[in-house]
Amino acid sequence: KSEVIIRLEQNQFSRDYSYKKGQNSKKRREGLIELDETDKKIILQLSQNARMSNIQISRELNVPQTTVSHKIKNLQKKEIITYSLFLDPKKMGYQSFKVLITLRDFSLESSERIRMYAKQKRGVFYYVKCIGKWNIELELEAKDIIEFQLALNDIRNNFSEVIQDIEFITIFEEHKYTYFTEAML
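Read on for an overview of the structure. For clarity, every value in this text was computed on a predicted model and none was experimentally measured.

Notes on the overall build of the protein chain
Across its full length, the protein chain carries five helices and six strands. For the protein chain, the sequential pattern of α-helices and β-strands runs β-β-α-α-α-β-α-β-β-α-β. For the protein chain, the proportion of its 185 residues judged to be buried stands at 37%. Residue pairs in contact within the protein chain that sit at least 24 positions apart in sequence constitute 70% of those at least 6 positions apart. When the accessible surface of the protein chain is split by element, carbon and sulfur atoms take 50% of a total near 12000 Å².

Below, the structure written as structure tokens:
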């Protein structure tokens with residue numbers, strides 16, 4: 001069985017064990033951005049190996065190193081290229097969960113209330129507003145199932161008037177996401 005979900009907005013928040021909650025949160029860029037062929041090739045190289053030097057990329061693409069350096073700086077400035085550190089939650093003593101929330105009232109006010117809650121709530125590091133079977137996705141980490149159950153109860157208690165249903169999925173393994181592929185060239 002599969003579900004089709006359209007993501008309208010995504011927010012990633014800092015994990016509690018790396019920063020104070022609410023710091024270093026970022027809203028993902030939405031919309032279209034014009035990229036030339038060299039930009040696309042640079043992004044593809046970095047998506048496969050983010051540690052590649054400008055010199056290596058220059059050799060691989062047969063483009064001057066100064067061009068690669070300039071293009072990467074521009075892509076960073078436009079926030080097309082961003083950097084993040086991923087720590088394995090299991091090695092930090094946490095289990096990851098995805099909470100799928102269906103709202104009774106899919107209003108801007110309801111979804112914004114939940115987003116602000118997620119931004120401030122310990123353990124919640126990802127918020128997605130979407131259209132489909134559910135309206136909100138939260139990803140959170142907990143030390144154990146009891147801490148997770150307390151987090152679910154807190155969500156239910158704070159939003160009982162707007163939540164119709166809550167489902168959850170245990171995340172056993174995180175995979176590397178590459179949003180840019182050779183097919184996009």
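Overview of the packing of aromatic side chains
Centre distance and the angle of the planes are the two values used to describe a pair of aromatic rings. Counting across every chain of the model gives three aromatic pairs. With a centroid separation of 3.8 Å and an interplanar angle of 15°, the aromatic rings of Phe 97 and Phe 148 are classed as stacked. With a gap of 51 residues between them, Phe 97 in strand E3 (residues 95–103) and Phe 148 in helix H5 (residues 145–158) connect regions that are remote in the sequence. Residue Phe 97 shares its accessibility class with Phe 148, and that shared class is buried. Three or more aromatic residues joined by ring pairs form one cluster here, namely Phe 97, Phe 148 and Phe 168. Here the guanidinium or amino end of Lys 143 rests over the ring plane of Tyr 94, the centre of that ring lying 4.6 Å away.

Conventions we followed
- Residues numbered from 1 in each chain as written.
- Predicted model: local features only at pLDDT ≥ 70, side-chain atom pairs only at ≥ 80, totals over all residues.
- Heavy atoms only, no water.
- Helix = DSSP H or I, 4+ residues; strand = E, 2+ residues; numbered from the N terminus.
- Buried < 20%, exposed > 50% of the residue type's maximum accessible area, 1.4 Å probe, protein only.
- Contact = heavy atoms within 4.5 Å.
- Areas by Shrake-Rupley, 256 points an atom, 1.4 Å probe, with all protein chains shown as cover.
- Phe/Tyr/Trp six-rings, centres within 6.5 Å; stacked < 30°, edge-to-face > 60°.
- Lys NZ or Arg CZ within 6 Å of the ring centre and 35° of its normal.

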